[in-house]
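Listed below, chain by chain, are the residues.
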Amino acid sequence: MTAILTFNQQRLFEQARSLQEKQDVIVVVKNNAYNFGMERAYRAFYKAGIRSYATTNLEEAVWLRKQDDQTTVLLLDPSTEFDILREHDISLTLPNLAFYHQYKEHLEGIKIHLVFKNLLNRFGFDTADEMKTVFDEQLLTITGIWTHFAFADELLDNRYEIEKENWSNVLTVLEPYLDTLTFIHAQNSASYLRDGLFDQHTHIRAGVIAYGTRPYYDLPESLAMQTIEVSATVKDVVSVPKGQSAGYSAAFVAAEDTTLAICDIGYGNGILRTRSKHKVMINQKTFPIAVLMMSHLMVKVDTSVSIGDRVYLYNDTLRLDYFTHKGVGAFSEQMASLNHQTFKITNIPLSE
Ligand SMILES: Cc1ncc(COP(=O)(O)O)c(C=O)c1O
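Residues numbered from 1 in each chain as written. Predicted model: local features only at pLDDT ≥ 70, side-chain atom pairs only at ≥ 80, totals over all residues. Heavy atoms only, no water.

(A) Spatial organisation of the environment of P95. Following the sequence through the fold, P95 ends up in the loop between β5 (91–94) and α6 (97–103). Beyond its immediate sequence surroundings of up to four residues, P95 is in contact with P78, V115, F123, G124 and F125. (Helix = DSSP H or I, 4+ residues; strand = E, 2+ residues; numbered from the N terminus. Contact = heavy atoms within 4.5 Å.)

Written out as C-alpha cells, the structure is:
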C-alpha cells in the first residue's frame, strides 16, 4: 500500500460550525483551501452555515461563485480582471489610493472592500484619510473594509497592540460610513481567540482555527479538532549493527545495534524536513525518525514493529499544531507542502 492522506470532512464541518455558531465567519479558502481540497472544504463550510469565502486566487473565486449565487466571495488580492469580477459578483479588495485613481472608472458594478495596510505592509491604504477620500467621492459600491494583523500570532510581541490601535483609529475616522457597510473584518484566528469579536465588526476572517488547528499552543486542545491524518506502511525492517550506516552518504550512523523500519513516505510526499526531527507512531508507540529520503523514511524502532504495520506522521496524537509549536512550520506550511498526487487520498465524508 502507498502513503495515505486522510481528510476528515465531517470534523471540518463540526469545527467550522462551532465557530459560525458564535459569530459570522469569512472563511479563508486560498491555496485550495489550505490544501484541504477546495470542494471538500467548501461543502463542509457551507453545511456549517458559512456564507462568506475569501481567497487570493481569481479562479478559485469564480469556482466559489458557481457553487451558489447568494454567497459573498471576496478576492483578497487586487485584480484588474474587472469584467470577470463583475460577471461573477466577486467582491474586490481595493489595495490602495493609486489603484483607485487608476481604475475608478472601471469599478462600477463591482462590490469593493477597502484594505488598510497596517504593520503587515502587504497591500493596503496607508492612512484612514486616504480611505475616507474614496468614501467621500462616492463613486464605488463599498461593502466592506478590512485589515490583517501581522503580529496577532505573536503573543510576546506588543506590536499587535499597535496594529489594533492603528485599526481602531481608522474606524474612528470612517465612523460616518460604518453603518453603510456589510463587512467590517480584521481578525484572523489568533486575534479572534485572544480578543473575541471586536466591537463594530461583522465577521472574523478565519483560516487555521476553521481547519482544526490552534494558532498558538496554550489554547485548550478541545478548541480544535485535527482534520487530517497522514500514514504510510512499514515495507521492511532491517538490522544495522553498531558502527554501520544507513541512507545516502551515511545519513544515519548506528551508535548501537539498531533496527530500522523502512517506510514508503518521504519528502517527495511533502513531508517537511523539520518534521523529521520529531517522532512517528507505529502500533500506538512513538519512535524517532533516523533518515528522511524522497520516497522513504527510516525509523528507529524496536522488535514490536513488523513489515506491514502502519506508520503515522499526523493523527489525533501527532497534531499539526503540536508540530507548529515545536517549530516544524506553520499549519499552512505543513499543509501546503503535502503533495496530493503522491498520496492515496481518502475522506471521512459529511454524515447525512
Ligand atoms: C488576509 C488574510 N486573512 C485571514 C487569514 C487567516 O489567517 P489565520 O489562518 O491565521 O486564521 C489569512 C491567512 O493567511 C490572510 O492572508
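(B) Local environment of helix α7 (residues 128–137). Taken residue by residue, α7 has A128, M131, V134 and F135 as its buried positions. Each buried residue of α7 lies within a common arc of 120° when the element is viewed along its axis, so the set occupies one face. In this structure, the buried side of α7 is in contact with β5, α6, β6 (111–116), β7 (141–147), α8 (159–173) and α9 (175–178). Just past α7, the residue Q138 takes up positive phi, approximately 55°. (Buried < 20%, exposed > 50% of the residue type's maximum accessible area, 1.4 Å probe, protein only. Arc of directions from axis to C-beta.)

(C) A look at the site of the ligand. In the vicinity of the ligand, the contacting residues are V28, K30, Y34, R122, W146, H148, N188, S189, R205, A206, G207 and V208. A distance of 3.1 Å is found between an oxygen atom of the ligand and a side-chain nitrogen or oxygen belonging to R122. In this structure, an oxygen atom belonging to the ligand sits 2.5 Å away from a side-chain N or O atom of S189. Among the secondary structure elements, those contributing two or more residues to the shell around the ligand are α2 (30–34) and β9 (204–206). (Near = heavy atom within 4 Å. Polar contact = N/O pair within 3.5 Å; in protein donor to acceptor, adjacent residues only side chain to side chain.)

(D) Geometry of the packing of aromatic side chains. Evaluated as defined, the whole model comprises 19 aromatic pairs. Both rings, one in F7 and one in F36, keep their centres 4.7 Å apart while their planes meet at 55°; by these two values the pair is tilted. With F7 in strand β1 (residues 4–8) and F36 in the loop between α2 and α3 (38–47), the pair connects residues that are 29 residues apart, well separated along the chain. Classification of F7 by relative accessible area gives buried; the value is 0%. Residue classification places F36 among the buried positions, given a relative accessible area of 0%. Centroid distance Y42 to Y53: 5.1 Å. Interplanar angle 45°. Geometry classified as tilted. You can see Y42 sitting in helix α3 and its partner Y53 sitting in strand β3 (residues 52–55), a full 11 residues away along the chain. Y53 shares its class with Y42; the two are buried. Looking at K47, its charged tip hangs above the ring of F13, at a distance of 4.7 Å from the centre. One cation-aromatic arrangement involves R275 over Y314; the distance from NZ or CZ to the ring centre is 5.5 Å. (Phe/Tyr/Trp six-rings, centres within 6.5 Å; stacked < 30°, edge-to-face > 60°. Lys NZ or Arg CZ within 6 Å of the ring centre and 35° of its normal.)

(E) Representation of the side chain of T258 within the structure. Mapping T258 onto the fold places it in strand β13 (residues 258–263). When its relative accessible area of 8% is taken as the criterion, T258 is described as buried. Only 2.7 Å separates the side chain of T258 from the backbone oxygen of E256, close enough to count as a polar contact. Contact partners of T258, with chain neighbours within four places excluded, come to V238, S239, V240, F252 and K300.

(F) Local environment of unusual backbone geometry. Residues other than glycine seldom take positive phi values, yet N32 does so here, at roughly 55°. As for its position among the elements, N32 is in helix α2. Assessed through its relative accessible area of 28%, N32 is described here as partly exposed. Unusually for a residue other than glycine, Q138 sits at a positive phi of about 55°. Relative to the helices and strands, Q138 resides in the loop between α7 and β7.

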